[in-house]
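Chain by chain, the residues run as shown.
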Amino acid sequence: MIPASPEPGSHIPVLMHEVVDWLVTDKNGVYVDGTFGRGGHTRALADQLGSSATLVGIDQDNSLLLNFDKSGIHQTLLLQHANFENLEQVLKSNKINSVNGILFDLGLNSATLADAARGFSFDRPGPLDMRFDQSQPLTAALVLNEYDEVALSRILFEYGEEKAARRMSHAIVQSRTAHPFVSTNDLREIVAQFTPPKFFVKALSRVFQAVRIEVNHEFAALRSGLKAALNTLAIGGRLAVISYHSLEDRIVKHYFQEESQYPAPPELQPYQATVPGRIKILTHKPILPSADEIQRNSRSRSAKLRIVERMA
Ligand SMILES: C[S@@+](CC[C@H](N)C(=O)[O-])C[C@H]1O[C@@H](n2cnc3c(N)ncnc32)[C@H](O)[C@@H]1O
């Protein structure tokens, strides 16, 4: 049974019922949670699956895997510290050839966001870190102190859709010669210089989002992860992706479109332009959280869930 509501104070998985309902096609199959986080979706899946199912939980943030309490999960649960872009290697090393369902619930965990020491939050001072994986060398401080002005401008514009990207990047490069960027407050001050108070919070979230995407190479990982996921799905298996901003959703949507139909071979071209691809799109419009879910969990408000099924 899926719990009707989570324990008070506990983490609330976004679109939990929808994910479980769409993803489970074989109660004793193999399921991968590629963004394990605090294990909310994995627990909800486990509640629905039979005892001989296998669950694989992957996260770049090893601290989350180490702190997970496995009690109440009766299936085999393999927790793997990895980037989901390496999904095929992770499965191979666990002798798993194909899987029935995969979930990517993108972005970061609310507990990690709230932890000032991780540097993701613009609300509280903390080190400019922003790494999902604490063992990787690239941090937000390195991006802000080492990248040249053109690269910084591109990041703020492409990943943050920030209109003042050029002026902000210029200010970053000027300011760091006197004082290197150390704290989230240093970045906050740059954003404040170019934003009217009315738009300050939105600008902060755009700029922090942009730097975070660069630090974690999020878009490249997403593209590789989607490909790896389709490669490992069994025929009839499903991939569900929850994204939280339009740039991520666009990558998911376009990749699903590309893989759902291929250009027809030359001999068929006179009759048809395309042939069915290796997946079928099950959600032509993304599934959105209900008003009730948004009220219970404001983090869900921008979520979009897309699901595909492997056909060939
Ligand atoms: C929104 S949270 C997932 C929450 C989870 N569904 C739950 O219910 O607890 C996203 C998680 O994915 C992880 N993550 C993000 N990108 C990743 C990637 N490329 N590979 C592996 N883990 C990733 C983050 O570290 C974070 O813990």
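Residues numbered from 1 in each chain as written. Predicted model: local features only at pLDDT ≥ 70, side-chain atom pairs only at ≥ 80, totals over all residues. Heavy atoms only, no water.

## Examining helix 7 (residues 149–160)
Residues spaced three or four apart along an α-helix point in a common direction, a consequence of the helix completing one turn every 3.6 residues. Threshold: Secondary structure follows DSSP: runs of H or I at least 4 residues long count as helices, runs of E at least 2 residues long count as strands, and numbering of each begins at the N terminus. Helices are assigned an expected span. That span is 1.5 Å times one less than the residue count. Only protein chains enter the accessibility calculation, which uses a 1.4 Å probe; a residue is then buried when its area is under 20% of its type maximum, exposed when over 50%, and partly exposed in between. Contacts are assigned to residue pairs with any non-hydrogen atoms lying within 4.5 Å of each other. Residues adjacent in sequence count toward polar contacts only when both atoms are side-chain atoms; beyond that, a polar contact is any pair of N or O atoms within 3.5 Å, and within protein one must be able to donate a hydrogen and the other to accept it.
Between its terminal C-alpha atoms helix 7 stretches 16 Å, which fits the 16 Å expected from 12 residues at 1.5 Å a residue. Regarding helix 7, the residues found buried are L152, S153, I155, L156, Y159 and G160. Of the surrounding secondary structure, the elements contacted by the buried residues of helix 7 are helix 6 (140–146), helix 8 (165–178), helix 10 (200–215), helix 11 (218–232) and helix 12 (246–260). A side-chain oxygen of the first residue of helix 7 lies 3.3 Å from the backbone nitrogen of V150; this N-cap is D148. Looking one or two places after helix 7, you find E161, whose phi comes out positive at around 50 degrees.

## Structural notes on the site of the ligand
What counts is decided by this rule: The cutoff for a nearby residue is simple: one of its non-hydrogen atoms must lie within 4 Å of the molecule or strand. The Shrake-Rupley method, run with a 1.4 Å probe sphere, supplies the accessible areas, and residue values consider only the shown protein chains as cover. Note on residue categories: nonpolar means Ala, Val, Leu, Ile, Met, Phe, Trp, Tyr, Cys or Pro, charged means Asp, Glu, Lys or Arg, and polar means any other residue, Gly included.
Taken together, the neighbourhood of the ligand is formed by 25 residues, with R38, H41, D59, F84 and D105 sitting nearest. F36 places a main-chain nitrogen or oxygen 3.4 Å from an oxygen atom of the ligand. Here an oxygen atom of the ligand sits 3.2 Å away from a polar atom, N or O, in the main chain of G39. Expressed as a share of its isolated accessible area of 600 Å², the protein-covered part of the ligand is 97%. Here the residues of the shell around the ligand are counted per class, giving 9 nonpolar, 11 polar and 5 charged.

## Here we look at the pattern of salt bridges
Selection rule: By salt bridge we mean one thing: a side-chain nitrogen of Lys or Arg within 4 Å of a carboxyl oxygen of Asp or Glu.
Overall, the coordinates contain 10 salt bridges when judged by the stated rule. Among the salt bridges present, the one from D249 reaches R306, with a minimum N-O distance of 2.8 Å. Placement of the pair is D249 in helix 12 and R306 in strand 9 (residues 304–310), with a sequence separation of 57 residues. You can call D249 buried: its relative accessible area is 6%. Its relative accessible area of 7% is what places R306 among the buried residues. Each of the salt bridges in this network shares a partner with another, and the network as a whole consists of D249, K304 and R306.

## Focus on the sheet that holds strand 4 (residues 99–105)
In plain terms, the rule: Two strands form a pair only when DSSP identifies at least two bridges running between them. Every angle, taken between N-to-C directions, lies between 0 and 180 degrees, and every axis is a line fitted to C-alpha atoms, over only the stretch in contact when it is a helix.
Ordered by their spatial adjacency, 7 strands build an open sheet running 3-2-1-4-5-9-8, and the pairing between neighbours is mixed. The open sheet has two free edges, formed respectively by strand 3 (76–81) and strand 8 (279–281), since each of these has just one partner strand. Direction aside, neighbouring strands of the sheet carry axes that sit 15 degrees apart on average. By the bridge criterion, 6 bridges tie strand 5 (residues 233–243) to strand 9 in an arrangement that is antiparallel. By the bridge assignment, L239 is partnered in strand 9 with V308. Contacting strand 4, strand 5, strand 8 and strand 9, helix 11 runs over the sheet at an angle of about 155 degrees to strand 5.

## Side note on helix 9 (residues 184–194)
Our working definition: This arc corresponds to the set of directions leading from the helix axis out to the C-beta atoms.
Of the positions making up helix 9, those classed as buried are T184, L187, I190 and V191. Viewed end-on, helix 9 has its buried residues packed into an arc of 120 degrees, placing them on one side of the element. Across from the buried face of helix 9, at angles greater than 90 degrees, the exposed residues are E189 and Q193. In this structure S183 caps helix 9, since a side-chain oxygen of it lies 2.9 Å from the backbone nitrogen of N185.

## Examining the domain arrangement of the protein chain
The following threshold applies: Marked domain ranges trace back to an automatic or database domain assignment. When two parts are put together, the accessible area they lose, computed with a 1.4 Å probe and summed over both, is reported as buried area.
As far as domains go, the protein chain holds domain 1 (16–110 + 218–310) and domain 2 (134–215). Between the C-alpha centres of domain 1 and domain 2 there is a distance of 31 Å. On the domain 2 side, the residues contacting the 10 residues of domain 1 number 7 residues. Both faces combined, the contact of domain 1 with domain 2 buries some 720 Å², and carbon together with sulfur accounts for 48% of it. Contact with domain 2 buries area across many residues of domain 1, yet E218, F219 and L247 alone supply 56% of it, more than any other trio. One salt bridge connects R212 with E218, and the closest N-O pair in it is separated by 2.9 Å. At the junction of domain 1 with domain 2, the criterion picks out 2 residue pairs in polar contact (both at pLDDT 80 or more). Listed by contribution, the elements that provide at least two residues to the side of domain 1 that touches domain 2 are helix 11 and helix 12.

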